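Residues per chain, in single letters:
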Amino acid sequence: MKIKAVFSDLDGTLLIDNFKTSQENIDAITAALNSGIDFIPTTGRAISDVPQQLKSVEKIRNFILTNGATVFDRQKNIILYKNYISCKDALELMSTEGASKCCVMAFLDGQVHYQKDWEKRLKGSPVCPDVAEFLMYGCKEVENLYEYVKNRNKSVEKITFFFTDLDNRIDVINNTLLLEEFELSYTLELNLEITNKGVNKANGIKEFCKIKGYSMDEIAVIGDSGNDIEMLSLTKNSYAVENAVEKAKLAANYSAPRNTESGVAWVINKILKENTLA
């Protein structure tokens, strides 16, 4: 059966660093799109911090964002599907014991918002350089994040915590409210991504496939980290890049070269070849 759509994670899979991918990947994506295969970036990011290099590929029409909470049609500038955290619940999450020791990010209106004192909270933490690099791109600094979200009084796509140490992360994860009411995932050892219960990349893909009429046998997925595990288990055509975490590798049916070796291009070129034989 021919593959009609490829869903690829960004960080650690398609991207070499926080901001760019290889020209080989761009060329392969363009070839796939020109052959009629849909290519859908599937990411924990908001649309504001998707790298411009990808946005410049005009035929990339659809994005699955904030770990599946948002399915976005860029061409029509409409949200095809959403499942967001209520403002009330978002404020409660931001008041969770231990949050004061974190850098908290709220994904709202397609943009990442963070409180300006994040450096003070994370001073001396090994995660600090990762946060600093991320905040350089497409994120908005606010004076008081809690008050900003409260005053906006709108649902929130995702809440992300960056922790100073692993014990702090464990304390927050063990919070009963989080375990019972929300979906938890991670991309780094010292972060935690929180969405509504049942929201993950796999669910976002399912919602998109319902709209497009794709079966699970007609899609391929590529990923590397903890928030990719569900989508790697979704279809038999699943690939983990060589630099993936062990759980992602176990969830995938196939392996691909590392992100720094244009693993996504390798998968796409394989699919293009197999499609011609199908």
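Residues numbered from 1 in each chain as written. Predicted model: local features only at pLDDT ≥ 70, side-chain atom pairs only at ≥ 80, totals over all residues. Heavy atoms only, no water.

Things to note about the nonpolar core
Counting residues in hydrophobic clusters, the biggest one holds 51 residues, and the most contacted among them are Phe7, Phe39, Ile205 and Ile219. Apart from residues lying up to four places away in sequence, Ile219 is in contact with Ile3, Ala5, Phe7, Ile205, Cys209, Tyr214, Leu234, Thr235 and Asn237. (Core = buried A, V, L, I, M, F, W, Y, C linked by side-chain atoms within 4.5 Å. Buried < 20%, exposed > 50% of the residue type's maximum accessible area, 1.4 Å probe, protein only. Contact = heavy atoms within 4.5 Å.)

Some thoughts on the sheet that holds strand β7 (residues 111–115)
Across a sheet, strands are paired by hydrogen bonds formed along the backbone, either parallel or antiparallel in direction. Spatial ordering of the open sheet is given by β8-β7-β6-β9-β11-β10, a layout of six strands whose pairing is mixed. With one partner strand each, in any of the chains shown, β8 (139–142) and β10 (182–185) form the two edges of the open sheet. Between one strand axis and the next, the sheet turns by 25° as a mean value, whatever way the strands run. Pairing of β10 with strand β11 (residues 191–196) involves four bridges; the strand directions are antiparallel. By the bridge assignment, Phe182 is partnered in β11 with Asn196. Here helix α3 (residues 87–94) sits on the sheet in contact with β6 (103–108), β9 (158–162), β10 and β11, set at roughly 5° to β9. (Pairing = 2+ DSSP bridges. Helix = DSSP H or I, 4+ residues; strand = E, 2+ residues; numbered from the N terminus. Axes fitted to C-alpha atoms, helices over the stretch in contact; angles between N-to-C directions.)

Considerations on the environment of Val112
Tracing the sequence through the fold places Val112 in strand β7. The spacing of Val112 and Ser225 is 113 residues in sequence and 20 Å in space, taken between C-alpha atoms.

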